[in-house]
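One-letter residues, chain by chain:
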Amino acid sequence: SAVISQKPSRDICQRGTSLTIQCQVDSQVTMMFWYRQQPGQSLTLIATANQGSEATYESGFVIDKFPISRPNLTFSTLTVSNMSPEDSSIYLCSVGRGTTEAFFGQGTRLTVV
Amino acid sequence: TQLLEQSPQFLSIQEGENLTVYCNSSSVFSSLQWYRQEPGEGPVLLVTVVTGGEVKKLKRLTFQFGDARKDSSLHITAAQPGDTGLYLCAGAKMGSSNTGKLIFGQGTTLQVKP
């Protein structure tokens, strides 16, 4: 497994502002992913954070709204831009290492008011 | 699109009862995982099943992968209040081995009352 730390763990933000979420892994990993979990629902993949190249976004998610950085093999950030109340969710960072399994950070609970 | 249908979505039972959660798809997955998530935490991996027909046991939890690798089940024997949580099945897309990129079912919220 891997130890994955996410910051912040929670935040309350004003609509129209942006929030950057950080994900730090305790070892180098090839693949890092960002998921969204809306209240009472399951996880939806936002994008794959690729080291050294642009992130790969899933259908329904765009770079202007969710810019992602991956400067090295242990760190990634997800920004939620121009937030609205509909963006209130838990945002989760995960890593896959050598298998099809995923390991998750504790998540960032975002509330937009 | 590969979808995973999980059922039931909500389950409230008394301590000591048995239960089964199902995860079904019309598509074949290279593997299926089961996760458990508690409030304020990320999902924690319970098990991965890879081979069709495979059965894995983890204490009171029994996991099964369908012969055709399209479905899976989680059976809990003699449930305890500590089993309360959100249970998620997730599948690895075909052709996505060694990536950790997953499709998740809708989740089953389990409440075990003392």
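All values reported here derive from a predicted model rather than from experimental measurement.

1. Describing the state of the cysteines
All names here are of chain A. As enumerated under the stated definition, the model contains two disulfides over all chains in all. The residue that forms a disulfide with Cys-23 is Cys-93, at a sulfur-sulfur distance of 1.9 Å. Across the disulfide from Cys-23 to Cys-93, rotation about the S-S bond amounts to roughly -65 degrees, and the bridge is consequently left-handed. Within this pair, whereas Cys-23 is found in strand β3 (residues 19-25), its partner Cys-93 is found in strand β9 (residues 89-96), the two being separated by 70 residues in sequence. Of the two residues, Cys-23 and Cys-93, neither departs from the other in class, the shared state being buried.

2. Regarding the pattern of salt bridges
Residues and elements named next belong to chain B. Scanning the model with the defined rule gives four salt bridges over all chains in all. Of the charged contacts, one joins Lys-56 and Glu-54 as a salt bridge, the two residues approaching to 3.7 Å between their closest N and O atoms. On the basis of relative accessible area, Glu-54 is assigned to the buried category, the value being 18%. In this structure, the salt-bridge partner of Arg-60 is Asp-83, at a minimum N-O distance of 2.9 Å. With a gap of 23 residues between them, Arg-60 in the loop between β6 (55-58) and β7 (61-65) and Asp-83 in the loop between β8 (71-76) and β9 (85-92) connect regions that are remote in the sequence. Residue classification places Asp-83 among the buried positions, given a relative accessible area of 7%.

3. Focus: the sheet that holds β6 of chain B
Residue and element names in this part refer to chain B. With antiparallel pairing, five strands are arranged side by side in an open sheet as β1-β3-β8-β7-β6. The open sheet terminates on both sides in strands that have one partner only, identified here as β1 (5-7) and β6. Each adjacent strand pair in this sheet contributes to an overall mean axis angle of 15 degrees, direction not counted. Sheet topology note: the β1/strand β3 (residues 19-24) ladder contains three bridges and is antiparallel. Counterpart to Ser-7 in the pairing with β3 is Tyr-22.

4. Considerations on the interface of chain B and chain A
Contacts between the two partners involve 26 residues from chain B, matched on the other side by 22 residues from chain A. Interface area for chain B against chain A, summed over the two sides, is near 1700 Å², with a carbon-plus-sulfur share of 53%. Viewed at the interface, chain A and chain B are joined by zero salt bridges. At the boundary of chain B and chain A, one finds five residue pairs in polar contact (both at pLDDT 80 or more). Ranked by residue count, the leading element in the side of chain B that touches chain A is strand β4 (residues 31-37) of chain B, at four residues.

Cut-off values and rules
Residues numbered from 1 in each chain as written. Chains lettered and ligands numbered in written order. Predicted model: local features only at pLDDT ≥ 70, side-chain atom pairs only at ≥ 80, totals over all residues. Heavy atoms only, no water. Disulfide = S-S within 2.5 Å. Helix = DSSP H or I, 4+ residues; strand = E, 2+ residues; numbered from the N terminus. Buried < 20%, exposed > 50% of the residue type's maximum accessible area, 1.4 Å probe, protein only. Salt bridge = Lys/Arg side-chain N within 4 Å of Asp/Glu carboxyl O. Pairing = 2+ DSSP bridges. Axes fitted to C-alpha atoms, helices over the stretch in contact; angles between N-to-C directions. Contact = heavy atoms within 4.5 Å. Buried area = accessible area lost by both parts, 1.4 Å probe. Polar contact = N/O pair within 3.5 Å; in protein donor to acceptor, adjacent residues only side chain to side chain.

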